[in-house]
Amino acid sequence: MKKIPIGLLKIKEKPQSLVNQEKGRYFSSSYKYYKEWMDRYSDTPEREIPVMERVGIYCMVFSMLEDRLETFWWNCSFVHKWNVIPSEDDETLKRPPKKKEWKKRQIPKRIRTTGWFANQLQKNGKITKELVTRFKRSDDDRREIIHRNMFNMKEVTKDHIQELMSMFREVDKLLKKYKKTHSDKLT
């Protein structure tokens, strides 16, 4: 059996290196899995749903939400020239980056947090304060559930998962509307 090296996942550069169709397939299959899971456990009491299944779905949906929020932020930062990437003289800023340029881009470390994306989107009037508050509450729960204390995993409920999916749908609608409105600058 071939041994797989641990600690090298960031070298794969995903999801950054995925083209939109590949990303779309991941989102579709993840959403389908979420729907099937919710249907299967719709009438099941929380205590009877395996904890690790709840945590797995929760992590998957949170990841989808984070990706959608980041994508919305990057689109806004490009269209409105929020000066996130190097300089105005850079030819790649006059159009969306090509696949090879996208892979090699330098992202300043201070902006690589989901809270930063949400705050900047709110500051620039792209999302509401209420959505940012909901996101921060969910992010606080995520830290407690996943990162700080494994004993909190049992606290993940269908309500947590549905709230994440609700925010995902909201940000997804905003992103689609934004892309449609600014299609001349994002294609």
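Owing to the predicted nature of the structure, the values given are computational and were not obtained by experimental measurement.

### A few points about the overall build of the protein
Here is step 1: Scanning the protein for helices and strands turns up seven helices and zero strands.
Here is step 2: Going through the 187 residues of the protein one by one, you find that 35% of them count as buried.
Here is step 3: The long-range share in the protein, meaning contacts at least 24 apart out of those at least 6 apart in sequence, stands at 73%.
Here is step 4: Summing over all exposed atoms, the protein offers an accessible surface of approximately 12,600 Å²; the carbon and sulfur share of this is 54%.

### Examining the nonpolar core
Generally speaking, nonpolar side chains in soluble globular proteins are found buried as a group.
Here is step 1: Of all hydrophobic cores here, the largest spans 41 residues; its most connected members are Tyr34, Val61, Phe72, Leu121 and Ile161.
Here is step 2: Looking at this core, the elements with two or more residues in it are α1 (20–40), α2 (51–79), α4 (114–123), α5 (129–148) and α6 (158–181).
Here is step 3: Sorting elements by how many residues they give to this core places α2 first, with 15 residues.
Here is step 4: Ignoring anything within four residues of it in the chain, the contact list for Tyr34 reads Ile57, Met60, Val61, Ile161, Gln162, Met165 and Arg169.

### Comments concerning α4
Here is step 1: Three or more residues of α4 are buried, namely Thr114, Phe117, Ala118, Gln120 and Leu121. Buried positions in α4, seen along its axis, are confined to an arc of 165 degrees and lie on one side of it.
Here is step 2: Against α2 and α5 lie the buried residues of α4.
Here is step 3: Positive phi shows up at Gly125, right after α4, with a value of about 75 degrees.

### Regarding the confidence of the model for the protein
Here is step 1: Residues of the protein with pLDDT of at least 70 account for 78%, and the chain-wide mean is 83.
Here is step 2: For the protein, helix α3 (residues 99–104) is the element with the lowest average pLDDT, namely 61, and α6 is the one with the highest, namely 94.

### Topic: the packing of aromatic side chains
Here is step 1: By the definition in use, this model includes eight aromatic pairs.
Here is step 2: Ring geometry for Tyr31 versus Tyr34: centroids 5.9 Å apart, planes at 35 degrees, classification tilted. With Tyr31 and Tyr34 both in helix α1 and three residues apart, the pair spans about one turn of that helix.
Here is step 3: Seen in terms of ring centroids, Tyr58 and Phe62 are 6.2 Å apart; in terms of plane orientation they differ by 40 degrees. Their pairing is tilted. Here Tyr58 pairs with Phe62, and both are found in helix α2, just four residues apart, close to one helical turn.
Here is step 4: One aromatic cluster is present, built from ring pairs that chain together Tyr58, Phe62 and Phe135.
Here is step 5: Stacked on the ring of Phe27, the Lys or Arg Arg68 has its end atom at 4.4 Å from the ring centre.

### Examining the packing of α1 against α2
Here is step 1: One can describe the packing of α1 onto α2 by two numbers: an axis separation of 11 Å at closest approach and a directional angle of 145 degrees. Seen along the crossing, α1 lies across α2 with a hand that is left-handed. Only Glu53, Arg54, Ile57, Met60, Val61, Met64, Asp67, Arg68 and Thr71 of α2 make contact with α1, whose side of the interface consists of Lys23, Phe27, Ser30, Tyr31, Tyr33, Tyr34, Trp37 and Arg40.
Here is step 2: Tallied by class, residues from the contact of α1 with α2 come to nine nonpolar, two polar and six charged.

### Concerning the side chain of Arg54
Here is step 1: With respect to the helices and strands, Arg54 occurs in helix α2.
Here is step 2: Look at Arg54: it is buried, it has no salt bridge, and the nearest opposite charge is Glu46 at 4.1 Å.
Here is step 3: A polar contact is formed between the side chain of Arg54 and the backbone oxygen of Ile49, at a distance of 3.3 Å.
Here is step 4: Those residues within four positions of Arg54 in sequence are excluded, and the remaining contacts are Trp37, Glu46, Ile49, Lys154, Val156 and Ile161.

### Topic: the environment of Cys76
Here is step 1: Relative to the helices and strands, Cys76 resides in helix α2.
Here is step 2: Linking Cys76 and Gln120, residues 44 residues apart in sequence, is a C-alpha distance of 9.8 Å.
Here is step 3: Beyond its immediate stretch of four places on either side in the chain, Cys76 contacts Lys81, Trp82, Leu121, Lys126 and Tyr178.

Procedures and definitions
Residues numbered from 1 in each chain as written. Predicted model: local features only at pLDDT ≥ 70, side-chain atom pairs only at ≥ 80, totals over all residues. Heavy atoms only, no water. Helix = DSSP H or I, 4+ residues; strand = E, 2+ residues; numbered from the N terminus. Buried < 20%, exposed > 50% of the residue type's maximum accessible area, 1.4 Å probe, protein only. Contact = heavy atoms within 4.5 Å. Areas by Shrake-Rupley, 256 points an atom, 1.4 Å probe, with all protein chains shown as cover. Core = buried A, V, L, I, M, F, W, Y, C linked by side-chain atoms within 4.5 Å. Arc of directions from axis to C-beta. pLDDT = per-residue confidence, 0-100. Phe/Tyr/Trp six-rings, centres within 6.5 Å; stacked < 30°, edge-to-face > 60°. Lys NZ or Arg CZ within 6 Å of the ring centre and 35° of its normal. Axes fitted to C-alpha atoms, helices over the stretch in contact; angles between N-to-C directions. Left-handed = near helix turned anticlockwise from the far one by under 90°. Nonpolar A, V, L, I, M, F, W, Y, C, P; charged D, E, K, R; others polar. Lys, Arg positive; Asp, Glu negative; His and termini not counted. Salt bridge = Lys/Arg side-chain N within 4 Å of Asp/Glu carboxyl O. Polar contact = N/O pair within 3.5 Å; in protein donor to acceptor, adjacent residues only side chain to side chain.

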